[in-house]
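Structural description and commentary
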Amino acid sequence: MDEDGNKYKKFDDVQLKMLICWNGGFKTADDQYNNDVAKAIRDKIGVTVEFEGINMSETEKLNQIFATGDMPDMINAPYWGGTAGETGVIKKGGNEGRLIDIKDMVPNYPNIADAYDIGVISTKYLENDIETESGARYVLPTEVAGSKEDIALWGYGVFVRGDVPEALGVDVSTIKTSEQLMDFMKQARDYGFKDINGNDCIVATTYHNGWSYDDYAQSFSEKKLTSYALDENGKMTHFNLTEDYVNKQLFIWEMVHEGILDKECFTQTDDRGKEKVGNGTALFSCAQYGITVDATKLTGLYDTHPEMRYIPVGPLNYKDGSPLVQIESEGRSGSPAIVFPTTCSNIDAALTWLDYLNSKEGTKLICYGFEGDTYELNEQGQPRMNADLTARYAENAEAVKEELRERGIMYMASRTYVAKKNNLWFGEPGPFEADALDPYVADYRKQRPAEVIPGYAIDALAPGFEGYDEFSQWAFDGEKEKEYKERAFFADTEEEARSILEDYQEYLRTQDGGKMQEFLDYMTEVSTSRDDIVY
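Bear in mind the structure is a predicted one, so any value in this text is a computation, not a measurement.

The rules behind the values
- Residues numbered from 1 in each chain as written.
- Predicted model: local features only at pLDDT ≥ 70, side-chain atom pairs only at ≥ 80, totals over all residues.
- Heavy atoms only, no water.
- Axes fitted to C-alpha atoms, helices over the stretch in contact; angles between N-to-C directions.
- Helix = DSSP H or I, 4+ residues; strand = E, 2+ residues; numbered from the N terminus.
- Parallel < 35°, antiparallel > 145°, perpendicular 65-115°, else oblique.
- Left-handed = near helix turned anticlockwise from the far one by under 90°.
- Contact = heavy atoms within 4.5 Å.
- Pairing = 2+ DSSP bridges.
- Buried < 20%, exposed > 50% of the residue type's maximum accessible area, 1.4 Å probe, protein only.
- Salt bridge = Lys/Arg side-chain N within 4 Å of Asp/Glu carboxyl O.
- Arc of directions from axis to C-beta.

1. Considering the packing of helix α7 (residues 243–257) against helix α19 (residues 494–526)
Across the interface, α7 lies against α19 with an axial gap of 10 Å and an inter-helix angle of 140°. In terms of orientation, α7 and α19 fall into the oblique class. Between α7 and α19 lies a crossing whose hand is right-handed. The residues of α19 that touch α7, namely those facing Glu243, Tyr245, Val246, Asn247, Gln249, Leu250 and Trp253, are Glu494, Ala497, Arg498, Leu501, Tyr504 and Gln505.

Structure below.
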């Protein structure tokens, strides 16, 4: 029994493997069996899980393991729902009998039983991506908020080296459109800035495979949950078929053409992106602010060149001029997820392990470690990392993370939490965040708050279109779209880039005998089928 009265079955040293199917690897303790946390979990429930990461495309890896049958006991992978590539592979694996149906099992494990509650996940996600036609559920959603307080604030945006606006006399808080951002980046390009090693700079970069260059073009976006909208005639259209879509991609073309966006960024690794940011070689960064700040702490730039610390630009506004927020559906409509291949050697042990890690006691253990050693309880009975660790974390977070990781602390939770309740339970999203979260990051999260848009997202009705599975494979093929977009980004002229993008739109309109228009007509028709539809 744990501190909250939960009882767990005790197994006889069951050892399991979990594949963390996210490109870029997954850092663990060197000894995953004998570290302090693993031993404590084993003492409690008799189960040890060891993690393995990947350095390849997630979709490619999923296809590979399902094709070969060489599968681990558990897989954590992207499951964004809809037409996302990884989602399709996982659904196919379930339909082909390669995954265990956990629908009737999960309610027996109280700490993960709320994974399917509406508000934790959305009705759309449950009905269209979790539930199968046969009623089976193969997917356990993870990294979803178990309480309103626990909605993760990701802090996406555009960030600039702090000495750049200082030198150029620019007030970054006044930059609200992508066009204003472009003017600012051109000034930075022409100034002649150097990095911490005295080398020439590139203007703007991203992290792995272009993640997420869209941040530079945010003011072309509308404040919506989906890519669908009704046109002036009340007919359904999709963003990829609009002039706004073309203009958004042409903005990225201009960034490349003007020597602003790093050409290597579309194929580089996260480590390569972090290197450019960490050395101050890229004047502008994007994606999540915490990643940029951590990159500068890892190299020492944060402390040795405080004038170069990256600061937020804007934030930019939406197309209508309203400020960017972090839009959330009523419950997540896509998430990381855990699936259990039929090769799982002990599904009861796997679910018990997840159940314990998602209990208050188990979460405290894997996040904070051991009372009186790594953490103490505050006056509210909440764990807080001890003063020594907190001070050292503020100075060098990566070094402290590595030290704790070797003891098994602070890495398991990141890929195992189901309906997160850390803030509700402990008063902070994660260890150190109440006391040592970087103040730049803490302030920026307040600038990009979460805003829940209630209702049933219109794209959830799309799978009702006859032949949708076959249609969606080409209509929403991310790789096909990426191919067209990147050809356009590297075109010699704007006219050529526009032509490539319009060719993509023509491909969408004419493929399969004009099936796209049939689909949009269907979407127009069903848009009145519920009174809680949102776009």
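2. Quick notes on the sheet that holds strand β4 (residues 139–141)
Read from one edge to the other, the open sheet built from five strands follows the order β2-β1-β3-β13-β4, with strand pairing classed as mixed. Edge positions in the sheet fall to β2 (47–54) and β4, since each of these pairs with one other strand and no more. The average undirected angle you get between the axes of adjacent strands in this sheet is 30°. Packing of helix α3 (residues 85–95) onto the sheet brings it into contact with β3 (74–79), β4 and β13 (335–339), and relative to β3 it is tilted by some 135°.

3. A look at unusual backbone geometry
Geometrically, the link from Trp211 to Ser212 is a cis peptide bond, its omega value of -10° lying close to zero. Secondary-structure assignment places Ser212 in the loop between β7 (202–204) and β8 (228–230). Looking along the chain, the bond that leaves Gly314 and enters Pro315 is cis, with omega of 0°. Assignment of secondary structure puts Pro315 in the loop between β11 (310–312) and β12 (326–329). You will see that Met410, though not glycine, has its phi angle at about 80°, which is positive. Looking at the secondary structure, you find Met410 in the loop between α14 (397–405) and β16 (419–420). Here Met410 falls in the partly exposed class, since its relative accessible area comes to 24%.

4. Quick look at the pattern of salt bridges
Applying the stated rule across the entire model yields 38 salt bridges. When the shortest N-O distance is used, the salt bridge between Lys124 and Asp459 registers 2.8 Å. Of this pair, Lys124 sits in helix α4 (residues 123–130) while Asp459 sits in the loop between β18 (456–457) and α17 (468–475), and the two are 335 residues apart along the sequence. By sharing partners, the salt bridges in this structure join Asp262, Glu264, Arg272, Glu275 and Lys276 into a single network.

5. Examining the side chain of Asp129
Secondary-structure assignment places Asp129 in helix α4. Those residues in contact with Asp129, other than ones at most four positions away along the chain, are Tyr79, Gly81, Gly82, Thr87, Lys91 and Lys124.

6. Here's the deal with the sheet that holds β7
Read from one edge to the other, the open sheet built from four strands follows the order β7-β10-β6-β11, with strand pairing classed as mixed. Looking at which strands have only one partner, the edges of the open sheet turn out to be β7 and β11. Each strand axis lies, on average, 20° off the axis of its neighbour in the sheet, ignoring direction. Note: β7 against strand β10 (residues 282–285), two bridges, orientation parallel. Paired with Ile202 across the strands is Ala282, a residue of β10.

7. Details of the side chain of Glu398
Within the secondary structure, Glu398 sits in helix α14. Glu398 sits in the buried class, given a relative accessible area of 19%. The contacts of Glu398, once residues within four sequence positions are left out, are Lys27, Asp294 and Leu298.

8. Topic: the environment of Ala391
Structurally, Ala391 can be placed in helix α13 (residues 387–395). Judged by relative accessible area, which is 45%, Ala391 ranks as partly exposed. For the pair formed by Ala391 and Ala217, sequence separation is 174 residues and the distance between their alpha carbons is 38 Å.

9. Focus on α14
All buried positions along α14 are accounted for by Ala397, Glu398, Val400, Leu404 and Arg405. Looking straight down α14, one finds its buried side chains confined to an arc of 165°; they lie on one side. Tucked inside the fold, the buried residues of α14 contact α9 (289–299), β15 (383–385) and α13.

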